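Chain and residue survey
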Amino acid sequence: MHRRTVARQGRSIAAPLLAGALLAGCTSAGASRPEAAPSPSTAPATAPPQPSPQLTEQQVNSAVERIDAYVQDAMRTTGVPGLALAVVYKDKVVHAKGFGVRQLGKPDAVTPDTVFQLASVSKPIASTVVAGAVGQKTVTWDDPVTAHDPGFTLADPWAGSHVTIADLFSHRSGLPDHAGDLLEDLGYPRDYILQHLRDQPLAPFRASYAYTNYGLTEAAVAVAKAKGVAWESLAADTLYKPLGMTSTSSLRSAYDNAANKAVPHVRDASGWQVSTTNDADPQSPAGGVSSTVQDLARWMRLQLANGGYEGRQVIDKAALSETWIPHSLSNPPSSPAGNPGQYGLGWNVSRDSGGRLRLNHSGAFELGASTTVTLLPAEQLGIVVLTNGQPTGLPEAVGEEFFDLAEAGHETVDWLGFLSKVVPAAALTGVSPTDYTKPPAGAAPAKPDAAYVGTYANGHYGPLTVTTGNGGGLVMTLGPDNRQFPLQPYAGDVFSFQTKGENAVGRSGVTFTVGPDGRAAKVTVEQLDHDGLGAFARNG
């Protein structure tokens, strides 16, 4: 995911949408010692016993027979170019199919072997990999991250030294919503972003939930360091290779080089267009996996078999069970009878009306991918849906429709109608509150360019330079590879720029604070200031 949902971007619309938990962001001035917060459990946990199966094979087969027609209708409604799905039942792949095209304007059809970007469906895959390391006694879920990555810390050193792998995989570290994602948008590498999580203001430790791609990434990287390998190699050796997931990788280069891949698309006023997503390698454990539904069916079979696969125990059962247990309250219930949103370790965890454990995660790149996976372990049933379009609610609607058809025999909710409003709305709440395309009437003119030209420093986002462009006007430069943003006058010392990347929110503001000498002493970039880190002080 990259776009902030609710608070800002999100590399996935991944909290329990159907339970009402839409990736709520959380900010606070500082961290609190967790005197009243729960301590991590050191005893091995197992998922509670499941109810007896409530579905018959005939019900599942009927849903499989009917879901294709629903997919075709939903794709016509949304215009999403391509989709692939797979259904697993009782340790068998009972359906795998592709629909539509890999790229608009080209005839190549989507197949079950088409490689898609998974976005945040990468998270439950990452927790499966870590469960493998836990089963091998390389780490425990309750290890402090600093035991394996001593250089890591947070704004509160006490929290930084106590935060565990499980804390970061369940988004309860106190880091704010999507901390670090804006650094990725500017082109900073993984190591820089993880080191600078220490700058982020913290909410109460283990007492609050905020969806954080780079928090989870830090935990995964620490596990890889404990093993003495890169994360991408650990994922391949622990999971992809043992399961024969030959089209799955945690490296963007594998997706780029795949001959049969789904190209991302975005929708504008003129319709769907080919797009390009950001390179997700910096947060690979959280959002950088690419795969096919055929490969993901193998992974779903392993999940539903408690870590077993074709007679082999690939992932330790107890370590995997820990990922299915709620660790965080992601969204309180809206009424006394309501269901809370809960998050395990890389999974949204809930109970359905039949009391059955339900595991789910969605993924979304606003620049062109939307995915979902849902498992009902009691039924040994799961579905994965991958698309090559920006978030529209389509994959989630297909998943919910499938379970409706299996359980009720008919649609109980207009899932596409509902989710086509909920999902895009969640992704758009980061839009700037000011319409910078329309300067206010009577706006004061900007000062001469010389008042603003110079270099400004910021310990989190690095240097910002303002220069005069070749064609006139001011240009703002940010990031390690000097990304340039032309500045457009708005009102007085306020300018605007067109945001870019997964977190783009249209035009956003840049405000200069001019001193008595007629030169700007400070500049604040609105898009970077959500957590109070977007002010740059002149140093040249």
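So, a few notes on the structure that sits alongside this text. (Residues numbered from 1 in each chain as written. Predicted model: local features only at pLDDT ≥ 70, side-chain atom pairs only at ≥ 80, totals over all residues. Heavy atoms only, no water.)

This brings us to the overall build of the protein. Along the backbone of the protein there are 14 helices and 25 strands. Relative to the globule expectation of 24 Å for 540 residues, the C-alpha radius of gyration of the protein, 23 Å, shows essentially globular dimensions. By its C-alpha atoms, the protein is 80 × 55 × 50 Å across when sized along the principal axes. Classification of the 540 residues of the protein by burial places 59% in the buried group. Considering only contacts within the protein whose residues lie at least 6 apart along the sequence, 66% involve residues at least 24 apart. For the protein, the exposed area adds up to about 19800 Å²; of that, 52% sits on carbon and sulfur atoms. (Helix = DSSP H or I, 4+ residues; strand = E, 2+ residues; numbered from the N terminus. Rg over C-alpha atoms; globule rule 2.2 N^0.38 Å. Buried < 20%, exposed > 50% of the residue type's maximum accessible area, 1.4 Å probe, protein only. Contact = heavy atoms within 4.5 Å. Areas by Shrake-Rupley, 256 points an atom, 1.4 Å probe, with all protein chains shown as cover.)

Before going further, it helps to spend a moment on empty space enclosed by the protein. Under the counting rule described, the total for this entry stands at four cavities of 30 Å³ or more. Looking at the second largest cavity, the residues that line it are Gln 117, Arg 252, Tyr 255, Ala 280, Gly 287, Gly 288, Val 289, Ser 290 and Phe 365. Of the residues contributing to the lining of the second largest cavity, the split by class is four nonpolar, four polar and one charged. (1 Å grid on protein atoms, 1.4 Å probe; cavity = no way out; pocket = protein on both sides within 12 Å on 5 of 7 lines; lining within 4 Å. Points joined across faces, edges and corners; volume = space filled by probe spheres on them. Nonpolar A, V, L, I, M, F, W, Y, C, P; charged D, E, K, R; others polar.)

Turning to the environment of Pro 516, a few remarks are in order. Locating Pro 516 in the fold gives a position in the loop between strand E23 (507–514) and strand E24 (520–525). C-alpha separation for the pair Pro 516 and Glu 184, spaced 332 residues apart in sequence, amounts to 36 Å.

Okay, the packing of aromatic side chains next. In total, this model carries 13 aromatic pairs according to the counting rule given. Here Tyr 211 and Tyr 343 contribute two aromatic rings whose centre-to-centre distance is 6.5 Å and whose plane-to-plane angle is 85°, an arrangement assigned as edge-to-face. Here the residue Tyr 211 occupies a position in the loop between helix H6 (190–195) and helix H7 (213–227), and Tyr 343 occupies one in strand E12 (residues 341–343), the gap between them amounting to 132 residues. Overall, Tyr 211 belongs to the buried group, its relative accessible area being 0%. With a centroid separation of 4.7 Å and 45° between ring planes, the pair formed by Tyr 452 and Phe 512 is classed as tilted. Taken as a pair, Tyr 452 in the loop between helix H14 (415–427) and strand E17 (454–457) and Phe 512 in strand E23 lie far apart in primary sequence, 60 residues in all. (Phe/Tyr/Trp six-rings, centres within 6.5 Å; stacked < 30°, edge-to-face > 60°.)

What follows concerns helix H1 (residues 57–78). One turn of an α-helix holds 3.6 residues; hence residues three or four places apart share an orientation. Taking 1.5 Å per residue as the helical rise, H1 with its 22 residues ought to reach 32 Å, and the 31 Å between its terminal C-alpha atoms agrees with that figure. The largest bend in H1 amounts to roughly 30° and is located at Arg 66. (Expected span 1.5 Å × (residues − 1). Bend = angle between axes of the 7 residues up to and from the residue.)

Time to look at the sheet that holds strand E3 (residues 82–89). Taken in spatial order, the eight strands of this open sheet run E4-E3-E16-E15-E14-E13-E12-E11, and their pairing is antiparallel. At either end of the open sheet lies a strand with only one pairing partner, and these are strand E4 (92–100) and strand E11 (328–331). Pairwise comparison of adjacent strand axes, ignoring direction, gives a mean angle of 20° for this sheet. Bridge analysis of strand E14 (residues 357–365) against strand E15 (residues 369–376) gives seven bridges, and the strand direction is antiparallel. Each residue of the ladder has a partner; that of Phe 365, found in E15, is Ala 369. (Pairing = 2+ DSSP bridges. Axes fitted to C-alpha atoms, helices over the stretch in contact; angles between N-to-C directions.)

Quick look at the sheet that holds strand E18 (residues 464–468) now. With respect to topology, nine strands assemble into an open sheet ordered E20-E19-E18-E17-E25-E24-E23-E22-E21, the strand pairing being antiparallel. On the outer flanks of this sheet lie strand E20 (483–486) and strand E21 (488–491), each paired with one strand and no other. Neighbour-to-neighbour, the strand axes of this sheet turn through a mean angle of 30°, independent of strand direction. In terms of strand pairing, strand E22 (residues 494–498) meets E23 through five bridges, oriented antiparallel. Within E23, the residue paired with Phe 495 across the bridge is Val 510.

Moving on, we come to the side chain of Glu 184. If you trace the backbone, Glu 184 turns up in helix H5 (residues 181–185). A polar contact of 2.8 Å, which involves the side chain of Glu 184, links it to the side chain of Gln 283. (Polar contact = N/O pair within 3.5 Å; in protein donor to acceptor, adjacent residues only side chain to side chain.)

Before going further, it helps to examine the pattern of salt bridges. Tallied over the entire structure, the rule returns 17 salt bridges. Between Asp 68 and Lys 97 there is a salt bridge, and its shortest N-O distance comes to 3.1 Å. With a gap of 29 residues between them, Asp 68 in helix H1 and Lys 97 in strand E4 connect regions that are remote in the sequence. Taking relative accessible area as the criterion, Asp 68 reaches 12% and is therefore assigned buried. By relative accessible area, Lys 97 is classed as partly exposed at 30%. Between Asp 167 and Arg 206 there is a salt bridge, and its shortest N-O distance comes to 3.0 Å. (Salt bridge = Lys/Arg side-chain N within 4 Å of Asp/Glu carboxyl O.)

Two elements, E23 and E24, share five bridges in a ladder whose sense is antiparallel. Residue pairing across strands places Phe 512 opposite Val 523, the latter belonging to E24. The loop that links E23 with its antiparallel partner E24 comprises five residues; one of these, Gly 518, has a positive phi angle of about 85°. Sheet topology places E24 next to strand E25 (residues 535–538); three bridges connect them, and they run antiparallel. Residue pairing in the sheet places Thr 524 in a bridge with Ala 535 of E25.

Moving on to the packing of H1 against helix H13 (residues 394–407). Helices that pack against each other are described as a pair by the angle of their axes relative to one another and the distance between those axes. In contact at an axis separation of 8 Å, H1 and H13 are set at 150° when each is read in the N-to-C sense. By the angle between their axes, H1 is roughly antiparallel relative to H13. When the axes of H1 and H13 are compared, the crossing they make is right-handed. Note on element contacts: H13 touches H1 through Leu 394, Ala 397, Val 398, Glu 401, Phe 402, Leu 405, Ala 406 and Glu 407, opposite Gln 59, Ala 63, Val 64, Arg 66, Ile 67, Tyr 70, Val 71, Ala 74, Met 75 and Thr 78. Looking at the contact of H1 with H13 residue by residue, the classes come out as 13 nonpolar, two polar and three charged. (Parallel < 35°, antiparallel > 145°, perpendicular 65-115°, else oblique. Left-handed = near helix turned anticlockwise from the far one by under 90°.)

Moving on, we get to the nonpolar core. Among the nonpolar cores identified, the biggest contains 99 residues, and Trp 141, Phe 169, Trp 299 and Phe 512 are the most heavily contacted of them. Ranked by the residues each element gives to this core, the list is headed by H7, at eight residues. Core analysis: the next-biggest nonpolar cluster, separate from the first, contains 31 residues, Met 75, Val 80, Leu 83 and Leu 419 among them. (Core = buried A, V, L, I, M, F, W, Y, C linked by side-chain atoms within 4.5 Å.)

It is worth stressing that arrangement in space is one thing and function is another; only the former is reported here.
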